[in-house]
Amino acid sequence: MTSPMTSAAHDEPWEEPLDPTARGVPGDGRRAARWLPRLLPRGTDVPEDLRAHVARYGGPPYRGAAQLLVGDVRAAGLTGRGGAAFPVHRKLAAVLDAARRSRYSRPVVVANGAESEPASEKDATLLWLAPHLVLDGLQLAAEAVGADQAILCVHAHRGGDVGIALRRALAERDGAQIDKVPVELAEAPPRFLAGQETALVNRLGGGPALPTFVPPRVTERGLGNAPTLVQNVETLAHLALIARYGPRWFRAAGTELEPGSMLCTLRRADGVSRITEVPLGTPLCDLLGGRDVEGTVLVGGYHGTWIPAGKAAALTLDSQSLRGAGASPGAGILITLPPTACGLAETARVARYLALESAGQCGPCLNGLPRIAGALDELAGPRPRRRTVEDVQRWAGLVTGRGACHHPDGTARFVRSALIAFAGELGLHERGRCSATSRKWFLPVPADPARTEEDWM
Ligand SMILES: Cc1cc2nc3c(=O)[nH]c(=O)nc-3n(C[C@H](O)[C@H](O)[C@H](O)COP(=O)(O)O)c2cc1C
Ligand code: SF4
């Protein structure tokens, strides 16, 4: 069996005690959990089995009733690690509140391991190496909202070996009878939108993995009309540790406003990629390889922002710092573009992919994204017309905030940032030149665009 990180490695560069006075469970678990990495086991490429997991952390610390974990999650300041950094305690409270009002259905909890962003590998890595931490988090979240059904959804194509490892982990838990709620393993199709929460719920309900309009939010009426909690798998792993070691321990890493650590997928210009876990607030220069790093960095993946590397190196990995550059940590993707690649051509190729992935359900995706992608193709070629840049900027403004989901907004942010970051390259193209010296594409883009509704199933 192979790890999902065939081209990546995971490491632990921040081995420092986080809070020597933090209270935790007795035994090895307390010692291990004071250090980073918190989530990924060290020095191994094989999944941690239940025995090793329990030896490290103890069993899941059930509270015995719904709602009791919510206060700790609020005090910890845990936010979602799936991209939007939404406060987890507010979602837990919303589901509890909806369940109180809905007399017919108990809540459902969904662990989102769809990892639909092609540049990200952190969720597959976490699921592969520490499946029981995610499954503990799923059980504890289910207890916290009083759910009687839990689903773990993984990316269909990356799910092969991860899926086998997860089935084994679930069988181990079954044998040890440590789960309170039965867990179903499901697959999300390999589409960019499949991980969006309404798309995921749609798919789990038997429909295509396409977003639906809100309201109602899935917390109110989701799978089978039940109040549904959708959390990213990394978020659930953090929640499992907060339940064990408490909010103070969690806050020993990160910043006051954005506590804790996060998994990052780092893709360096030399093609090497790795998964690492770092405290929020980590200087980007530490992740990018120094202050004098050159070129351009994509922060936050394909809904993220291109930033000149010199400027990025002065920022830190948290929303507060990145906001000034029009960026956010997203799901922790950082990509340094090699000097041999053309940023405009790479952006045009990703924009085309994003336009094709939308399924064109709403105006901005039906009309706007294909036009933007077409205009970028022109900008990526020789001697584009001057007004094409203005067209892209205008269309990017028009699609923002107008869709059923944030896909057009994220795509517009990505494209606009490229126009700024690659303004020099644009000047070269206008003169019929290009700085690229390699014909090899750098940014990962799946080869098979969606064509029929079957592709979203
Ligand atoms: C286009 C799009 C794709 C998304 N893909 C994912 C994904 O693959 N995995 C994920 O956890 N969240 C994804 N999200 C975010 C989810 O909608 C949702 O906010 C998240 O799963 C909630 O979990 P969290 O609060 O723990 O982050 C996506 C959002 C959008 C707009
Ligand atoms: S905004 Fe775009 S991606 Fe989102 S639901 Fe509408 S058509 Fe689909």
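### Description of the state of the cysteines
Line of reasoning, step 1. For the coordinates displayed, the defined rule picks out zero disulfides.
Line of reasoning, step 2. Cysteine 434 takes part in no disulfide bond, and the closest cysteine sulfur, belonging to cysteine 342, lies 3.9 Å away.
Line of reasoning, step 3. We classify cysteine 434 as partly exposed; its relative accessible area is 39%.

### A look at the nonpolar core
Line of reasoning, step 1. Ranked by internal contacts, the top residues of the largest apolar core, which has 53 residues, are Val109, Leu126, Leu127, Leu133, Leu138, Val145 and Leu152.
Line of reasoning, step 2. Those elements giving two or more residues to this core turn out to be helix H3 (70-76), helix H4 (88-101), strand E2 (108-113), helix H5 (122-129), helix H6 (131-145), strand E3 (149-155), helix H7 (159-176) and helix H9 (233-251).
Line of reasoning, step 3. The element that contributes the greatest number of residues to this core is H9, accounting for 11 residues.
Line of reasoning, step 4. Excluding anything up to four places from it in sequence, leucine 138 contacts Val109, Ala111, Ala150, Ile151, Leu152, Val183 and Leu236.

### Regarding the site of ligand 1
Line of reasoning, step 1. In the vicinity of ligand 1 lie 18 residues, with Gly82, Ser116, Gln231, Asn232 and Thr235 positioned nearest.
Line of reasoning, step 2. Separating an oxygen atom of ligand 1 from a backbone N or O atom of glycine 82 is a distance of 2.7 Å.
Line of reasoning, step 3. A distance of 2.7 Å separates an oxygen atom of ligand 1 from a polar atom in the side chain of threonine 235.
Line of reasoning, step 4. In isolation ligand 1 offers 610 Å² of accessible surface; the protein chains occlude 87% of this area.
Line of reasoning, step 5. With three residues, strand E5 (residues 228-232) is the single largest residue contributor to the shell around ligand 1.
Line of reasoning, step 6. Residue composition of the shell around ligand 1, by class: four nonpolar, 10 polar and four charged.

### Here we look at the site of ligand 2
Line of reasoning, step 1. Taken together, Leu193, Pro211, Ser358, Gly360, Gln361, Cys362, Cys365, Gly403, Ala404, Cys405, His407 and Pro408 make up the full set of residues adjacent to ligand 2.
Line of reasoning, step 2. In the shell around ligand 2, the residues fall into seven nonpolar, five polar and no charged.

### Concerning the side chain of arginine 173
Line of reasoning, step 1. Mapping arginine 173 onto the fold places it in helix H7.
Line of reasoning, step 2. Under the relative-accessibility criterion, arginine 173 is labelled buried at 0%.
Line of reasoning, step 3. There is a polar contact of 3.1 Å between the side chain of arginine 173 and the side chain of histidine 132.
Line of reasoning, step 4. One polar contact links arginine 173 to aspartate 179, side chain to side chain, over a distance of 2.9 Å.
Line of reasoning, step 5. Residues contacting arginine 173, with those up to four places away along its chain left out, are Leu50, Pro60, His132, Leu135, Asp136, Gln139, Ile178 and Asp179.

### Notes on the packing of helix H14 (residues 363-380) against helix H15 (residues 387-399)
Line of reasoning, step 1. With their axes 9 Å apart at the nearest point, H14 and H15 run at an angle of 155° to one another. Between H14 and H15, the crossing angle belongs to the class labelled roughly antiparallel. When you trace H14 past H15, the crossing you get is left-handed. The residues of H15 that touch H14, namely those facing Pro364, Gly368, Leu369, Arg371, Ile372, Ala375, Glu378 and Leu379, are Thr388, Val389, Val392, Trp395, Ala396 and Val399.
Line of reasoning, step 2. Partitioning the contact of H14 with H15 into residue classes produces 10 nonpolar, two polar and two charged.

### Some remarks on the confidence of the model for the protein
Line of reasoning, step 1. Within the protein, residue pLDDT values average 91, and 92% of them lie at 70 or more.
Line of reasoning, step 2. Per-residue pLDDT stays below 50 along residues 12-33; that stretch engages in 53 contacts with residues further than four places along the chain or on separate chains.

Each value, and the rule that gives it
Residues numbered from 1 in each chain as written. Chains lettered and ligands numbered in written order. Predicted model: local features only at pLDDT ≥ 70, side-chain atom pairs only at ≥ 80, totals over all residues. Heavy atoms only, no water. Disulfide = S-S within 2.5 Å. Buried < 20%, exposed > 50% of the residue type's maximum accessible area, 1.4 Å probe, protein only. Core = buried A, V, L, I, M, F, W, Y, C linked by side-chain atoms within 4.5 Å. Helix = DSSP H or I, 4+ residues; strand = E, 2+ residues; numbered from the N terminus. Contact = heavy atoms within 4.5 Å. Near = heavy atom within 4 Å. Polar contact = N/O pair within 3.5 Å; in protein donor to acceptor, adjacent residues only side chain to side chain. Areas by Shrake-Rupley, 256 points an atom, 1.4 Å probe, with all protein chains shown as cover. Nonpolar A, V, L, I, M, F, W, Y, C, P; charged D, E, K, R; others polar. Axes fitted to C-alpha atoms, helices over the stretch in contact; angles between N-to-C directions. Parallel < 35°, antiparallel > 145°, perpendicular 65-115°, else oblique. Left-handed = near helix turned anticlockwise from the far one by under 90°. pLDDT = per-residue confidence, 0-100.

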